[in-house]
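# Results of the structural survey
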Amino acid sequence: MIIKPGTRKRGDDRDEAMAQSDELEALTKAFSGHGVDETTLIAVLGKSHPEKRKAFRKGNPQFFKEDERSFERWDDHRIKLLKREFSRFKNAVVLWAMHPWERDARLMKEALKDGPDSYNVLIEVACTRSSEELLGARRAYHSLFEHSIEEDVASHVHGPERRLLVALVSAYRYEGTKPKEDNAKAEAKTILNVIKSGEKKTDNEEVIRILTTRSKLLLKAVYKDYQEISGSNLDEDLKSDSRLQETVQCLCTPERYFSQVLDLALEIDADKSTKKALTRVIVTRADVDVKEIDEEFNKMYGVRLTKKIEDTANGNYKDFLLRLIAKGD
Amino acid sequence: MSTLTVPQPLPPVADDCEQLRKAFAGWGTNEKLIISILGHRNAAQRKLIRQTYAETYGEDLLKALDRELTNDFERLVVLWSLDPAERDAYLANEATKRWTSSNQVLMEIACTRSPQQLLMARQAYHARYKKSLEEDVAHHTTGDFCKLLVPLVSSYRYDGDEVNMTLAKAEAKILHEKISEKAYGHEDLIRILATRSKAQVNATLNHYKNEFGNDINKDLKTDPKDEFLTILRATVKCLTRPEKYFEKVLRLAINKRGTDEGALTRVVATRAEVDMKFISEEYQRRNSIPLDRAIVKDTTGDYEKMLLALIGHVEA
């Protein structure tokens, strides 16, 4: 802005102050949410004079702290968070380019490493992939980690969920159209009796057997029959057993499950592992059912998934995700 | 090592099919001809014969065999003619049915096949029975047997030779602990036997012996009537010394009053192309009599002749 001497007016000062605070806001937004807005960072921060940057530092107490030796210093934790946000695009691209088998093997390995809070990823991979895809992931796991997935799950997971998780990752479900034994009603009744009895469901052999060995087609019929005989949805009645609930959701109503996971991931105060789900779900479902998930998301939350991503994600990361979702058009 | 003998040069498959067709023709059946052909063809060759026979005569060879042959001879020839994966699926399915149920056969298939072979058996099971193997095993077994057999049939073990000695030491200790507590169905004991690679299991059990003085099977012999312990010991044997396991199955089948043809047929049909040579040597070592002599003493007719053909017996 070239200012001719003697021509400054009161309005100009106000405009300049507003422009500065707009820019500060834009910069802060460029650093917040999912990923970073590379364009704004280049446009605003890149061309800024030292005083502008000083104003940015002074005006952002959550990024910079006043140091006792008279300078504004980057908050270390904030740099760590930024590193993560800058990497989000890279991680999405690398994951997208990966062979699906390697992708799933790595996701499961990471989930095991991260601990119980991430075990839902094991359930997600084991239950939402086809039998052949899960088999492929098990092969890739052999190559990548020189162990079988079931041996790692069995030795790292403790407690009642171990049996469920080992059985889920070892399953090779029948996927034909007409299963030989169509006893969905009987299986639904069995589950209902266990739930009614109040005993611990994760320990119940019949519940585990039904959920970990029966075909998905049959389980969807069980879900329906359960609704008819009990009046409520099976996953709601399993609310007290989060692993079983996730299992049923992934097997019977995957679009709902994924919509819920995405909704949590897109929240402002989502933690590290919850946030990761955004990349994971979009990348792993882009070739499968992301359109159906988008529709279900809209039904459940009254807003399109694409709009939510538009509002909460930034830059290349945002563009990449939206491109993956639009791919099917 | 295989004991199968295949003629060199190999007759063209069209000739084999024609001969088999002749063997079925008219009154009676020419069993000798059937043995001389099918008893001397490997899995790939038998598959081609089945395919060509169906293309040429419009009938599945197995149906013809089922129609023309009877009893033990029929079962042996039919089992033998199946593709190995189909055969395993068939035997496993039989083992889950009430009158023919056998936890031992399920464990045997799960533990003596390579991870890839077990996988192919599971695929064949889908195709033939329209359900999964683990579905049937879970449904038809209970308690500790279920806890052991379902993971065994669902396993897809790592097949590398790498061994972690620290892990072997730690897991040998766990095994010893659980066995001392008589917690034979404990999930840690089962997970070690059902999920670790065969190389790792072997290393762990070697360490067990070094550290605690006894072979693990000795420590698992506390109650000879306990069927779960029996199957645990057999599991260990299948994972570490399959030829010794099969020798014992043969020995018990032959020594049994009247012979257990089911077991005899199963072992010969499933191992002839795999490690029958080692099993045969082990049999002779253990019983001081060659396997073919024992079979001649104990069986008769075409059944005997087919068994002898498969174990590589050469007429003097």
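As the structure is a computational prediction, the values presented were derived from the model and not from experiment.

Further remarks concern the overall build of chain A. Summing up its helical and strand segments, chain A has 19 helices and two strands in all. For 329 residues, the compact-globule estimate of 2.2 N^0.38 gives 20 Å, and the C-alpha radius of gyration of chain A, at 25 Å, exceeds that figure by more than 25%. C-alpha atoms of chain A, sized along the principal axes, occupy 90 × 45 × 40 Å. Here chain A holds 329 residues, and the buried ones make up 48% of them. For chain A, contacts bridging at least 24 residues in sequence account for 66% of all contacts bridging at least 6. Of the accessible surface of chain A, which amounts to about 16800 Å², a share of 53% is contributed by carbon and sulfur atoms.

Moving on to the overall build of chain B. For chain B, the count of helices and strands is 20 helices and zero strands. Computed over C-alpha atoms, the radius of gyration of chain B comes to 21 Å, within 12% of the 20 Å expected from 2.2 N^0.38 for 316 residues, which places it in the range of a compact globule. Principal axes of the C-alpha set define a box for chain B whose edges measure 65 × 45 × 40 Å. Per-residue burial over chain B gives 52% buried out of 316 residues. Considering only intrachain contacts with a sequence separation of at least 6, the fraction spanning at least 24 residues in chain B is 69%. When the accessible area of chain B is evaluated, it comes to approximately 14600 Å², of which 50% is carbon and sulfur surface. On chain B, the mean spot of the 47 positive side-chain charges and the mean spot of the 47 negative ones are 3 Å from each other.

Let us look at the pattern of salt bridges. Applying the stated criterion across every chain yields a total of 58 salt bridges over all chains. Across the salt bridge formed by R50 of chain B and D60 of chain B, the nearest N and O atoms sit 3.6 Å from each other. Here R50 of chain B, found in helix α3 (residues 43-57), pairs with D60 of chain B, found in the loop between α3 and α4 (61-68); they are ten residues apart in sequence, far enough to count as distant. Here R50 of chain B falls in the buried class, since its relative accessible area comes to 17%. Taking the relative accessible area as the measure of exposure, D60 of chain B reaches 30% and is therefore partly exposed. A salt bridge links R67 of chain B to E68 of chain B, with the shortest nitrogen-to-oxygen separation between them at 3.8 Å. Connected through salt bridges with shared partners, the residues E151 and R162 of chain A together with E171, E187, D188, R191 and R196 of chain B form a single ionic network.

Counting all residues, the mean pLDDT for chain B is 95, and 100% of those residues have values of 70 or more. Per the prediction output, this complex has pTM 0.90; the corresponding ipTM is 0.90.

Our next topic: the packing of aromatic side chains. Residue and element names in this part refer to chain A. Evaluation of the coordinates by the stated rule reveals 17 aromatic pairs over all chains. Aromatic pair F89 and F320: ring centres 5.7 Å apart, planes at 75 degrees, arrangement edge-to-face. Highlighted residues: F89 in helix α4 (residues 76-97) and F320 in helix α19 (residues 315-326), separated in sequence by 231 residues. An angle of 70 degrees between the planes, with centres 5.3 Å apart, marks the rings of Y257 and F258 as edge-to-face. Cluster of aromatic residues (ring-pair linked, three or more members): F31, F56, F63, F64 and W74.

Here the focus is the interface of chain B and chain A. Taken together, the contact between chain B and chain A spans 26 residues of the former and 28 residues of the latter. Buried surface at the junction of chain B and chain A, both sides included, amounts to about 2700 Å², of which 53% is carbon and sulfur. For the pair chain B and chain A, the number of links is four salt bridges. Our count for the chain B to chain A interface comes out at 14 residue pairs in polar contact (both at pLDDT 80 or more). Class assignment for the residues of the side of chain B that touches chain A results in five nonpolar, nine polar and twelve charged.

Moving on to the UniProt feature "binding site: Ca(2+) 1" (unreviewed entry) in chain B. Residue and element names in this part refer to chain B. Per the UniProt entry, the sites bearing "binding site: Ca(2+) 1" (unreviewed entry) are F24, G26, G28, E68, I254, K256, G258, V296, T299 and E304 in this numbering. Across 281 residues in sequence, these annotated residues place their C-alpha atoms as far as 37.7 Å from one another, rather than forming a single compact spot. Residues from the annotated list that form part of the lining of the largest pocket: K256. Take G28: it is sitting in the loop between α1 (13-24) and α2 (31-38). Under the relative-accessibility criterion, G28 is labelled partly exposed at 45%. Here G28 is in contact with A23 and E68, once residues within four sequence places are set aside. Mapped onto the elements, T299 comes out in the loop between α19 (291-298) and α20 (301-310). The class for T299 is buried, based on a relative accessible area of 5%. With residues up to four places along the chain from it excluded, the contact list for T299 reads L264, E304 and L307.

Interface size, as often reported, equals the accessible area lost upon joining of the parts. Each assigned domain of chain A is listed with its residue range as follows: domain 1 (16-74), domain 2 (101-172), domain 3 (181-252) and domain 4 (253-329). Here the C-alpha centre of domain 3 of chain A lies 53 Å away from the C-alpha centre of domain 1 of chain A.

With that settled, consider the layout of surface pockets. A water-sized probe, rolled over the atoms, reveals where empty space remains. Residue and element names in this part refer to chain B. What the largest pocket holds in volume is close to 1100 Å³. Taken together, 35 residues line the largest pocket, and the ones lying closest to its centre are R233, A234, K237, Y245 and K248. Contributions of two or more residues to the lining of the largest pocket are made by α6 (84-96), α7 (103-112), α13 (198-212), α14 (216-219), α15 (227-240), α16 (242-255) and α17 (261-271). The biggest single contributor to the lining of the largest pocket is α15, with seven residues.

With that settled, consider the pairing of strand β1 (residues 64-67) of chain A. All names here are of chain A. Bridge analysis of β1 against strand β2 (residues 71-74) gives four bridges, and the strand direction is antiparallel. Paired with D67 across the bridge in β2 is F71. Here β1 folds back onto β2, and the loop between the two strands holds three residues, one of which, S70, carries a positive phi near 65 degrees.

Residues and elements named next belong to chain A. For the structure on display, the rule yields five cavities of 30 Å³ or more. In this structure, the largest cavity occupies an estimated 90 Å³ of space. Lining the largest cavity, in full, are Q20, E23, L24, L27, V44, L45, S48, K52, R53, A55 and F56. Counting residues per element, the ones that place at least two in the lining of the largest cavity are α1 (10-30), α2 (38-45) and α3 (50-58). Of the residues contributing to the lining of the largest cavity, the split by class is six nonpolar, two polar and three charged.

Criteria and cut-off values
- Residues numbered from 1 in each chain as written.
- Chains lettered and ligands numbered in written order.
- Predicted model: local features only at pLDDT ≥ 70, side-chain atom pairs only at ≥ 80, totals over all residues.
- Heavy atoms only, no water.
- Helix = DSSP H or I, 4+ residues; strand = E, 2+ residues; numbered from the N terminus.
- Rg over C-alpha atoms; globule rule 2.2 N^0.38 Å.
- Buried < 20%, exposed > 50% of the residue type's maximum accessible area, 1.4 Å probe, protein only.
- Contact = heavy atoms within 4.5 Å.
- Areas by Shrake-Rupley, 256 points an atom, 1.4 Å probe, with all protein chains shown as cover.
- Lys, Arg positive; Asp, Glu negative; His and termini not counted.
- Charge placed at Lys NZ, Arg CZ, Asp CG, Glu CD.
- Salt bridge = Lys/Arg side-chain N within 4 Å of Asp/Glu carboxyl O.
- pLDDT = per-residue confidence, 0-100.
- Phe/Tyr/Trp six-rings, centres within 6.5 Å; stacked < 30°, edge-to-face > 60°.
- Buried area = accessible area lost by both parts, 1.4 Å probe.
- Polar contact = N/O pair within 3.5 Å; in protein donor to acceptor, adjacent residues only side chain to side chain.
- Nonpolar A, V, L, I, M, F, W, Y, C, P; charged D, E, K, R; others polar.
- UniProt positions renumbered as here; feature names shortened; annotations may be inferred.
- 1 Å grid on protein atoms, 1.4 Å probe; cavity = no way out; pocket = protein on both sides within 12 Å on 5 of 7 lines; lining within 4 Å.
- Domains from an automatic or database assignment.
- Points joined across faces, edges and corners; volume = space filled by probe spheres on them.
- Pairing = 2+ DSSP bridges.

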